[in-house]
Amino acid sequence: AAVTSAAAAAPPPSYVSFEAGKHDAALAKLLEFSTKLRDGEGPDLALDETQESGLAALVAELRKGGASAALALAPATLATFTGEGGRPGLLGWPAPYLFPALDLLRLALLRAARSGVDTLEPPMALRLTALLAPGSAAAAEKAAP
């Protein structure tokens, strides 16, 4: 009788590509978190109707697929993530609420035409690394027990 190892009996691993994502789930979570912020923790951080409809339009474009087709990110859509006019944007949300914003931004940037992203000041990479820099509010929240 042949003895099979646990590794041989286990199904092969399935890998998820970096381009894969659950657009609708990320949008639903962002809207849920926005409602929580509006109702208590930070009304000034909540999305307004224009931002919500902009994110819904972004998800509709992402859902169409076609990784080779460049996605034109409108300045208002980028501002929803990065902030403008004294508002911090999604990247300024408390650390427990950041993941769906980062996930949706990742999916958008994978398909974005470079021209829209390159014009951000400060550059997007600096904005993202500042989120988790030692001493930042997000890093402190993430490290808290």
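The paragraphs below set out a description of the structure included in this document. (Residues numbered from 1 in each chain as written. Predicted model: local features only at pLDDT ≥ 70, side-chain atom pairs only at ≥ 80, totals over all residues. Heavy atoms only, no water.)

## Re the overall build of the chain
The helix and strand tally for the chain stands at 8 helices and 0 strands. Each helix (α) and strand (β) of the chain, taken in turn from the N terminus, gives the series α-α-α-α-α-α-α-α. Taking all 145 residues of the chain together, the buried fraction comes to 36%. Contacts spanning at least 24 positions in sequence make up 66% of the contacts within the chain whose residues lie at least 6 apart. Accessible area for the chain stands at about 8,800 Å²; split by element, carbon and sulfur atoms hold 62% of it. (Helix = DSSP H or I, 4+ residues; strand = E, 2+ residues; numbered from the N terminus. Buried < 20%, exposed > 50% of the residue type's maximum accessible area, 1.4 Å probe, protein only. Contact = heavy atoms within 4.5 Å. Areas by Shrake-Rupley, 256 points an atom, 1.4 Å probe, with all protein chains shown as cover.)

## What to know about the packing of helix 3 (residues 49-63) against helix 5 (residues 98-111)
Between two packed helices, the angle of one axis relative to the other and the distance separating the axes together describe the packing. The contact between helix 3 and helix 5 brings their axes to 11 Å, and the two run at 55°. Considering their axes alone, helix 3 and helix 5 lie oblique with respect to each other. Once helix 3 is placed against helix 5, the crossing between them reads as left-handed. Judged by residue contacts, Leu-55, Leu-58, Val-59, Glu-61 and Leu-62 of helix 3 engage Leu-104, Leu-107, Ala-108 and Arg-111 from helix 5. Classifying every residue of the contact of helix 3 with helix 5 by side-chain character gives 7 nonpolar, no polar and 2 charged. (Axes fitted to C-alpha atoms, helices over the stretch in contact; angles between N-to-C directions. Parallel < 35°, antiparallel > 145°, perpendicular 65-115°, else oblique. Left-handed = near helix turned anticlockwise from the far one by under 90°. Nonpolar A, V, L, I, M, F, W, Y, C, P; charged D, E, K, R; others polar.)

## Section: the pattern of salt bridges
Evaluation of the coordinates by the stated rule reveals 7 salt bridges. A salt bridge links Glu-32 to Lys-29, with the nearest nitrogen and oxygen atoms 3.2 Å apart. Here Lys-29 and Glu-32 lie together in helix 2 (residues 23-41), a separation of 3 residues that amounts to about one turn. Residue classification places Lys-29 among the partly exposed positions, given a relative accessible area of 35%. A salt bridge links Glu-32 to Lys-36, with the nearest nitrogen and oxygen atoms 3.7 Å apart. Taken together, the residues span about one helical turn, with Glu-32 and Lys-36 both in helix 2 at a distance of 4 residues. Exposure remark for Glu-32: the relative accessible area of 32% places this residue in the partly exposed category. (Salt bridge = Lys/Arg side-chain N within 4 Å of Asp/Glu carboxyl O.)

## Overview of the side chain of Gln-51
By secondary structure assignment, the location of Gln-51 is in helix 3. With near-sequence residues (within four places) excluded, Gln-51 lies in contact with Ala-46, Thr-80 and Arg-87.

## Topic: the packing of helix 2 against helix 3
Interaxial distance between helix 2 and helix 3 falls to 9 Å at its minimum, and their mutual angle equals 170°. The pairing of helix 2 with helix 3 is recorded here as roughly antiparallel in orientation. Note on element contacts: helix 3 touches helix 2 through Glu-52, Leu-55, Ala-56, Val-59, Leu-62 and Arg-63, opposite His-23, Asp-24, Leu-27, Leu-30, Leu-31, Ser-34 and Arg-38. Residue classes in the contact of helix 2 with helix 3 are distributed as 7 nonpolar, 2 polar and 4 charged.

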